[in-house]
Amino acid sequence: MTLEHLAGRLTLTLTHDGAAVTHCHSEFSRPPLAARLLAGAAPADAAARLAPLFAVCRRAHALAADLAAQALHGPAAPRPEALAELEAEARQDILRRVALDWPLACGDSPDADFVAAVRAQPAALGQALQDYVLGEPCADWLARGYHGWLAWARQRHTQYAWRLADLMAESCGGMPLLSFPSEGELAVLGRDLLDDDQFAQTPSWVGSPVETGPLARQANWVASLFAAEYWPAARMLARLIELVRLSQGSAGYQARAVALDPQRAVAAVDTARGLLLHAVAVDAHGQVADWRILPPTAWNFHPEGAWAAALDRVLPEQAEAAARRAALWLDPCVEYQLMIRDSRQYA
């Protein structure tokens, strides 16, 4: 068992019959390696050992693990500096998606000037966004609101405005959105995660797969887009809103933890990709008996979730490109394997 197993594996399968896509399936699997590695440790020691094992969202994992361990002994709240570090990590993750991946997904090359400006002065992200992405000061762009952002896209003054305008012609299916949970909602999620061995592989909320991430956090601003089933445009605009807010220190990422009973606790943390959960159970001696982790990828790549829904209108000749682009919009935290199958070959 390697540390790669701790991150998990993601397999995406799309099947068509030559005339139409007949089935889409995503499978995210992760063995309970955290529980094996941490069994018998004191919760605080376990939390300190766990976070360095993750290459992606390391600060988010560190915060979630620490809060879950703290909640076993009383109220646990994140320090302001921990939330600042959380947002700094998310800012870098979303920036990579905006600067490098989105242009490629839209058939373009990354904007070399934008990438160079960010690398030269990482602290001046707001200025780089103004110069290369928005075409105006960040505060002015945020003040536009929904209808102003649509007008900005239609004016097509920057590459990113062009891309958003083009996406507003694309529709697909979607899923309910998972907002940051209240204490009561988090307790329900924590019990499901600790009591149900399958929940970490196929999580659901109120009986349904859900989508988490920037779209859920910015849902109030882009609701009209996804209500009209323009989900790709809604996701791009939501991530852009979030990146601009992160550059201005106004994203409002959250973290909280609750005790489920004297021997179990759960923590939730916002990450660039969505909601991250850590749940811990201890034995009668106060040592770790179980530790379970539910990353955003498990939500967004539920077998019947957002990735599959995004491909409900794809033609077979578009299958591979559409499948990869849908995966990019949902931003998995692990590498994925994509399989395109023609059912006629198995008839």
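Not measured: the values here are computed from a predicted model.

> For this particular structure, what's the right way to read the environment of Arg273?
Of note, Arg273 is situated in the loop between strand 4 (264-270) and strand 5 (275-282). Given a relative accessible area of 6%, Arg273 falls into the buried group. As a C-alpha pair, Arg273 and Phe54 span 219 residues in sequence and 15 Å in three-dimensional space. Setting aside residues up to four positions removed in sequence, Arg273 forms contacts with Val56, Cys57, Asp93, Arg97, Thr212, Gly213, Pro296, Asn300, Asp331, Pro332 and Cys333. At 3.2 Å, the side chain of Arg273 and the side chain of Asp93 are in polar contact. Side-chain polar atoms of Arg273 contact the backbone oxygen of Asp331, separated by 3.2 Å.

> Even after reading the chapter, I still don't get the sheet that holds strand 4, so can you show me in this structure?
Sheets are built from strands that pair by backbone hydrogen bonding, the pairs being arranged parallel or antiparallel. Read across the open sheet, the four strands follow the order 3-4-5-6; overall the sheet is antiparallel. Bordering the open sheet on either side are strand 3 (255-261) and strand 6 (288-294), each of which pairs with just one other strand. Averaged over all pairs of adjacent strands, the angle between strand axes in this sheet comes to 15 degrees, irrespective of strand direction. Direction of pairing for strand 4 relative to strand 5: antiparallel, over a ladder of seven bridges. Residue Ala268 lies in a different strand from strand 5, and its bridge partner there is Leu277. Against the sheet, helix 10 (residues 183-195) touches strand 3, strand 4, strand 5 and strand 6, its axis set at about 60 degrees to strand 3.

> What should I look at first to understand the nonpolar core in this one?
Generally speaking, soluble globular proteins have nonpolar side chains that are buried together. In this structure, Phe114, Trp141, Trp291 and Trp307 are the most contacted members of the largest nonpolar core, which totals 125 residues. When residues no more than four places from it in sequence are discounted, the contact partners of Phe114 are Leu95, Val98, Ala99, Ala128, Leu129, Tyr132, Val133 and Tyr160.

> Got a minute to help me understand empty space enclosed by the protein in this structure?
The probe, sized like a water molecule, is rolled over the atoms to show the empty space still left. Applying the stated criterion to the full structure yields two cavities of 30 Å³ or more. When its volume is computed, the largest cavity comes out at roughly 50 Å³. Lining the largest cavity, in full, are Glu211, Thr212, Gly213, Pro214, Leu215, Arg235, Arg239, Arg273, Asn300, Trp329 and Leu330. Taken together, the elements giving at least two residues each to the lining of the largest cavity come down to helix 11 (214-217), helix 13 (231-248) and helix 16 (319-330). For the lining of the largest cavity, the residue count by class is four nonpolar, three polar and four charged. What lines the second largest cavity is simply Leu178, Ser179, Phe180, Thr212, Gly213, Ala216, Arg217, Asp270, Gly274 and Leu275. The class makeup of the residues in the lining of the second largest cavity is four nonpolar, four polar and two charged.

How each quantity is defined
Residues numbered from 1 in each chain as written. Predicted model: local features only at pLDDT ≥ 70, side-chain atom pairs only at ≥ 80, totals over all residues. Heavy atoms only, no water. Helix = DSSP H or I, 4+ residues; strand = E, 2+ residues; numbered from the N terminus. Buried < 20%, exposed > 50% of the residue type's maximum accessible area, 1.4 Å probe, protein only. Contact = heavy atoms within 4.5 Å. Polar contact = N/O pair within 3.5 Å; in protein donor to acceptor, adjacent residues only side chain to side chain. Pairing = 2+ DSSP bridges. Axes fitted to C-alpha atoms, helices over the stretch in contact; angles between N-to-C directions. Core = buried A, V, L, I, M, F, W, Y, C linked by side-chain atoms within 4.5 Å. 1 Å grid on protein atoms, 1.4 Å probe; cavity = no way out; pocket = protein on both sides within 12 Å on 5 of 7 lines; lining within 4 Å. Points joined across faces, edges and corners; volume = space filled by probe spheres on them. Nonpolar A, V, L, I, M, F, W, Y, C, P; charged D, E, K, R; others polar.

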